[in-house]
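One-letter residues, chain by chain:
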Amino acid sequence: MLVIILEYYTDRLEDMSVISNLVRVKRLDGGQFVTALYRGTYDKIGKAYKAVLDYCKLHGLKTLLPIREVYHKGPGSIFNLIFNRSPENYITEIQIRAG
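Residues numbered from 1 in each chain as written. Predicted model: local features only at pLDDT ≥ 70, side-chain atom pairs only at ≥ 80, totals over all residues. Heavy atoms only, no water.

## Quick look at unusual backbone geometry
So, step 1. In this chain, L65 is followed by P66 through a cis amide linkage whose omega measures 0 degrees.
So, step 2. Its location among the elements puts P66 in strand 5 (residues 63-73). (Helix = DSSP H or I, 4+ residues; strand = E, 2+ residues; numbered from the N terminus.)

## Focus: the side chain of R68
So, step 1. Within the secondary structure layout, R68 lies in strand 5.
So, step 2. With relative accessibility at 17%, the residue R68 sits in the buried group.
So, step 3. Leaving out residues up to four positions away in the same chain, R68 has contacts with L28, D29, F33, E93, I94 and Q95. (Buried < 20%, exposed > 50% of the residue type's maximum accessible area, 1.4 Å probe, protein only. Contact = heavy atoms within 4.5 Å.)

## Overview of helix 1 (residues 46-58)
So, step 1. Over its 13 residues, helix 1 extends 18 Å from the first C-alpha to the last, a length consistent with the 18 Å expected when each residue adds 1.5 Å.
So, step 2. For helix 1, every residue scored as buried is listed here: A48, Y49, V52 and C56. Buried residues of helix 1, seen end-on, are gathered within an arc of 100 degrees and therefore sit on one face of the element. Exposed and oriented more than 90 degrees from the buried face of helix 1 are K47, K50, K57 and L58.
So, step 3. Of the residues flanking the end of helix 1, it is G60, one or two places downstream, whose phi is positive at about 65 degrees. (Expected span 1.5 Å × (residues − 1). Arc of directions from axis to C-beta.)

## A short note on the confidence of the model for the protein chain
So, step 1. A residue-level look at the protein chain finds 64% of positions with pLDDT of 70 or above and a mean pLDDT of 77.
So, step 2. Ranking the elements of the protein chain by mean pLDDT puts strand 1 (residues 2-9) last with 51 and helix 1 first with 93. (pLDDT = per-residue confidence, 0-100.)

## What about the environment of H72?
So, step 1. Along the chain, H72 turns up in strand 5.
So, step 2. By relative accessible area, H72 is classed as partly exposed at 42%.
So, step 3. In this structure, the C-alpha to C-alpha distance between H72 and T92, residues 20 residues apart in sequence, is 5.7 Å.

## Description of the pairing of strand 6 (residues 91-98)
So, step 1. Of all eight residues making up strand 6, seven are buried, and the element is well covered by its neighbours.
So, step 2. As paired elements, strand 4 (residues 31-39) and strand 6 share seven bridges and run antiparallel to each other. Bridge pairing links R39 to I91 in strand 6.
So, step 3. Both strand 5 and strand 6 contribute to a ladder of seven bridges, which runs antiparallel. For V70, the partnering residue across the bridge sits in strand 6 and is E93. (Pairing = 2+ DSSP bridges.)

Have a look at this one:
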């Protein structure tokens, strides 16, 4: 499953701060992002990246680094620990900044 969405994120975090020895808050650049939700194993995620990059090219969007990934369901998520789900059900959000 692959869903491509054009979104806008803001960068209104005032400064970087340390919450504890394990948690740090860091300011990430905001802007316009092309995002995709990919469901499946990590070894096949390249197809999702290709789809997002093809979308950007088709719509004349310049891609900017860094690329971000958000792991909604993966090997260490509570969802998988409780329900013992297989890697085919991992959900990863790919975020590529576009200008």
